[in-house]
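Spelled out from the first residue to the last, the chains are:
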Number of protein chains: 2
Amino acid sequence: MRMHNPPHPGEIIRELCLEPLGISMNEAARALGVSRKTLSAILNGRAGISPQMAVRLSIAFDTSAESWMNQQVQFDLWNAERQRKQLKVERLAAA
Amino acid sequence: MRMHNPPHPGEIIRELCLEPLGISMNEAARALGVSRKTLSAILNGRAGISPQMAVRLSIAFDTSAESWMNQQVQFDLWNAERQRKQLKVERLAAA
DNA sequence: GACTTGTGTCACGTGATGCGTTACATTCAT
DNA sequence: ATGAATGTAACGCATCACGTGACACAAGTC
């Protein structure tokens, strides 16, 4: 399941929140209460959604903070899973 | 919803994974491939579950990495939500 | 041409976090 | 008393979220 690279949440913000409302990155950054650089890093996938940012997004876009965090988790886990075979972990519970 | 402080995931590891199987922290740390200190910090709530740790847990205990991450998200969000009123965020989408 | 706006990116700093090792303490069982 | 299990502290390293200030490049407007 989930074979494809999930998009980083920044893409979703841009495509589902900013573009439909015709809001510029600068406007959004000001409204969210973060610097333009911080939002730019998120939108371009160079930073993730922190819990605090999830709350900010939930206020600004009247959504749930959980949904933003879940998207970030999907992204993070997809990357972490790729190292699964490199991790030296022993089973403790029988399958 | 979710009025009560959610437990940090370390408690769940201890109560649902280590104690039922009678596994010591040292054994578990060795099996997980991390230092005793790292696992201690998690079990005592002084560190969170990283994506990599979620994958380690999923291997050792034959569970899903997602479930561990979700518990961590619940815990992180509960703390972040408490700052909601301190954040200066403007609405961009009408309610 | 000059001026503004939007965007990407650079450097640098701060504080938090995940992980490691080493070391010291306590508790408990043999 | 010896050793195992655990909690915790110091120190280091790398990464990350966030900030400021600055530079560059588009596109539009006066």
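To be clear, the structure that these remarks concern was listed above.
Predicted model, so just to flag it, every value in this text is computed and none were measured.

### Description of the interface of chain A and chain B
Part 1 of the reasoning: Contacts between the two partners involve 39 residues from chain A, matched on the other side by 38 residues from chain B.
Part 2 of the reasoning: Roughly 3,400 Å² is buried in total at the junction of chain A and chain B, and carbon and sulfur atoms are behind 64% of that figure.
Part 3 of the reasoning: Looking only at chain A, the three residues that lose the most surface to chain B are Ile59(A), Val89(A) and Leu92(A), adding up to 19% of its buried area.
Part 4 of the reasoning: Scanning the region where chain A abuts chain B turns up 4 salt bridges.
Part 5 of the reasoning: Its salt-bridge partner being Arg30(B), residue Glu90(A) comes within 3.7 Å of it at the nearest N-O pair.
Part 6 of the reasoning: Elements with a contribution of two residues or more to the side of chain A that touches chain B: helix 2 (25–32), helix 4 (51–60) and helix 5 (65–81) of chain A.
Part 7 of the reasoning: For the side of chain A that touches chain B, the element with the highest residue contribution is helix 5 of chain A, accounting for 10 residues.
Part 8 of the reasoning: Class assignment of the residues belonging to the side of chain A that touches chain B gives a composition of 22 nonpolar, 6 polar and 11 charged.

### Some details on the protein's contact with DNA strand D
Part 1 of the reasoning: Around DNA strand D, 19 residues are found, and the nearest of them are Ser35(A), Lys37(A), Thr38(A), Ser50(A) and Met25(B).
Part 2 of the reasoning: Per the 4 Å cut-off to the protein, sugar and phosphate atoms form 60% of the nearby atoms of DNA strand D.
Part 3 of the reasoning: Every element with two or more residues in the surface near DNA strand D is listed here: helix 3 (36–43) of chain A together with helix 2 (25–32) and helix 3 (36–43) of chain B.

Cut-offs used in this document
One numbering rule holds for all chains: residues counted from 1, following each sequence as written. Each chain takes a letter, starting from A, and each ligand takes a number, starting from 1, following the order in which they are written. In view of the model being predicted, local features appear only for residues whose pLDDT reaches at least 70, and side-chain atom pairs are presented and counted only at 80 or more, with totals across whole chains, interfaces and linings using the full set of residues. In computing side-chain properties, one takes all heavy atoms of the structure into account and sets aside hydrogens as well as water. Residue contacts are defined here by distance: any two heavy atoms, one from each residue, within 4.5 Å place the two residues in contact. By definition, the buried area sums, over both parts, the 1.4 Å-probe accessible area that each loses when the two are put together. By salt bridge we mean one thing: a side-chain nitrogen of Lys or Arg within 4 Å of a carboxyl oxygen of Asp or Glu. We count a stretch as a helix when DSSP gives it H or I for four or more residues in a row; a strand needs E for two or more, and each element gets its number in order from the N terminus. As a working rule, the residues Ala, Val, Leu, Ile, Met, Phe, Trp, Tyr, Cys and Pro are called nonpolar, Asp, Glu, Lys and Arg charged, and the rest polar, with Gly in that last group. Only a single heavy atom is needed: when it lies within 4 Å of a molecule or strand, its residue is near that molecule or strand.

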